[in-house]
Amino acid sequence: MKNYDLIIIGAGPAGLTAALYAARYRINLLVIGKIPGGLINEASKVCNFPSYEDISGFELSRKMIEQIKKLDVNIKNEEILEIKKKEKGFELTSNKEKYFAKKIIFATGSERKKLGIEKEKEFVGKGISYCATCDAGFYKNKIAGVVGGSDAALTAALLLADFAKKVYIIYRKDKFFRGDKIWIEEVEKSNKITPLFNSVITKLIGKEKLKAVEINKEKNLELDGLFIEVGSLPNIELAKEIGVKTEKKQIIVDNSQKTNIKGFFAAGDVTNNPLKQMITACGEGAVAANSVYRELIKEK
Ligand SMILES: Cc1cc2nc3c(=O)[nH]c(=O)nc-3n(C[C@H](O)[C@H](O)[C@H](O)COP(=O)(O)OP(=O)(O)OC[C@H]3O[C@@H](n4cnc5c(N)ncnc54)[C@H](O)[C@@H]3O)c2cc1C
């Protein structure tokens, strides 16, 4: 079994930034990530990461990977299947090997819930987005739709209304009851936003890109973009199995990114930080690496 002081699970912005800092602290570390670069690979354009006015998510993640590879960080494209808590650290089982680490930074991110209908995957970046914070600016004077009825959907619609000429909220229930009152009131006040209740998207229409959606198998609604805000699922199961505390399906961390389990840190979209963005994921990754470094020094 291979031994490390630190294993970072996840090769998205949080895990890669943790690796950047940990490598510079000269920590004996390994990064294990299923998808190199993580979720940001799905962003057609990133315009809110400092120092890049406009860059594709894929290019940005390649730059992050190149930067840490220059520091000789080993990144394994494997999936962790099991974590076991041991007296002096953690035993990890991937789909290929077993590892031991004194400390873990858990940065497995989250997965956006999908609508699960035909052409959804094909239209990502071509009219379909899962991130209004990132992509709303591309819909200036256009028509946009938002699917969902939670705070995420309401705030996405409000943000879009700053750019788009018309925003539809497409929601399967007969009223908003999951969102905060303040957001519901703001939505009701907006003369650009029209909620369509009792509405389920039954088809995505378009050839190269999304042009319209079919609602309730009855009528078509023309749109330039559709924002799917039906929630996300943080990848917390492996952590929960060893007793890591969670709330609302997110890992509870303190301001050093510590969890309730000694030696087990978490960073990025998987934590209970409400802003799920690259900048926060990177920040949390850096803090987690610093906390690991301080703990390792103390234990020496
Ligand atoms: C379409 C889209 C556009 C976006 N645009 C922007 C934008 O413009 N600006 C912005 O700031 N944010 C944007 N975001 C959000 C941003 O992508 C996330 O906030 C960020 O990627 C979170 O980073 P993370 O490292 O916490 O998680 P992730 O990026 O999700 O990375 C998680 C990593 O963990 C790995 N992993 C998961 N489970 C396991 C396992 N069991 N074993 C091994 N590895 C595992 C994954 O493969 C991946 O490598 C966008 C998101 C989407 C979907």
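*Asks:* Before we go on, may I ask you to explain the packing of helix α1 (residues 13-24) against helix α7 (residues 278-299) in this structure?
*Replies:* The relative placement of two packed helices is expressed as an angle between their axes plus a distance between the axes. Where α1 meets α7, the axes come as close as 7 Å, and the angle between the chain directions of the two elements is 35 degrees. Crossing of α1 against α7: the hand is right-handed. Side by side, α1 and α7 meet where P13, A14, T17, A18, Y21 and A22 of the first sit next to M278, A281, C282, G285, A286 and A289 of the second.

*Asks:* Looking at this model, I keep getting lost on the side chain of S190. Mind explaining?
*Replies:* Tracing the backbone shows S190 in the loop between α5 (181-189) and β11 (193-196). Within the structure, the side chain of S190 is placed 3.1 Å from the backbone nitrogen of K192, a separation counted as a polar contact.

*Asks:* In this structure, what is going on with the sheet that holds strand β10 (residues 166-170)? I would like to understand it.
*Replies:* One key point about sheets: their strands pair by backbone hydrogen bonds, in either a parallel or an antiparallel sense. In spatial order, the strands read β8-β15-β9-β10-β11; together these five strands make up an open sheet with parallel pairing. Each edge of the open sheet carries a strand with a single partner, namely β8 (128-129) and β11. Packed on one face of the sheet, helix α4 (residues 151-161) meets β9 (143-147), β10, β11 and β15 (225-228) and runs near 170 degrees to β9.

*Asks:* Got a minute to help me understand the sheet that holds strand β13 (residues 212-215) in this structure?
*Replies:* The strand order β12-β13-β14 describes an open sheet built from three strands, whose pairing is antiparallel. Since the sheet does not close on itself, it has two edges, and those belong to β12 (201-205) and β14 (219-222), each with one partner. In this sheet, adjacent strand axes meet at a mean angle of 25 degrees when their direction is disregarded. In this sheet, β14 lies alongside β13 in antiparallel orientation, the contact comprising four bridges. Directly across from E214, in β14, lies its bridge partner N220.

*Asks:* Is there a simple way to think about the packing of aromatic side chains in this case?
*Replies:* Given two aromatic rings, their pairing is described by the distance between the two centres and the angle made by the two planes. The final tally for this structure, using the stated rule, is seven aromatic pairs. Judged by centre distance (6.5 Å) and plane angle (50 degrees), the rings of Y4 and Y99 are tilted. Here Y99 lies in strand β6 (residues 98-106) and Y4 lies in strand β1 (residues 2-9), a separation of 95 residues in the sequence. Note on accessibility: Y4 and Y99 belong to one class, buried. We note K85 situated over the ring of F90; from NZ or CZ to the ring centre the distance is 4.7 Å. The cationic tip of K166 hangs over the ring face of Y168; the distance from NZ or CZ to the ring centre is 5.6 Å.

Cut-off values and rules
- Residues numbered from 1 in each chain as written.
- Predicted model: local features only at pLDDT ≥ 70, side-chain atom pairs only at ≥ 80, totals over all residues.
- Heavy atoms only, no water.
- Axes fitted to C-alpha atoms, helices over the stretch in contact; angles between N-to-C directions.
- Helix = DSSP H or I, 4+ residues; strand = E, 2+ residues; numbered from the N terminus.
- Left-handed = near helix turned anticlockwise from the far one by under 90°.
- Contact = heavy atoms within 4.5 Å.
- Polar contact = N/O pair within 3.5 Å; in protein donor to acceptor, adjacent residues only side chain to side chain.
- Pairing = 2+ DSSP bridges.
- Phe/Tyr/Trp six-rings, centres within 6.5 Å; stacked < 30°, edge-to-face > 60°.
- Buried < 20%, exposed > 50% of the residue type's maximum accessible area, 1.4 Å probe, protein only.
- Lys NZ or Arg CZ within 6 Å of the ring centre and 35° of its normal.

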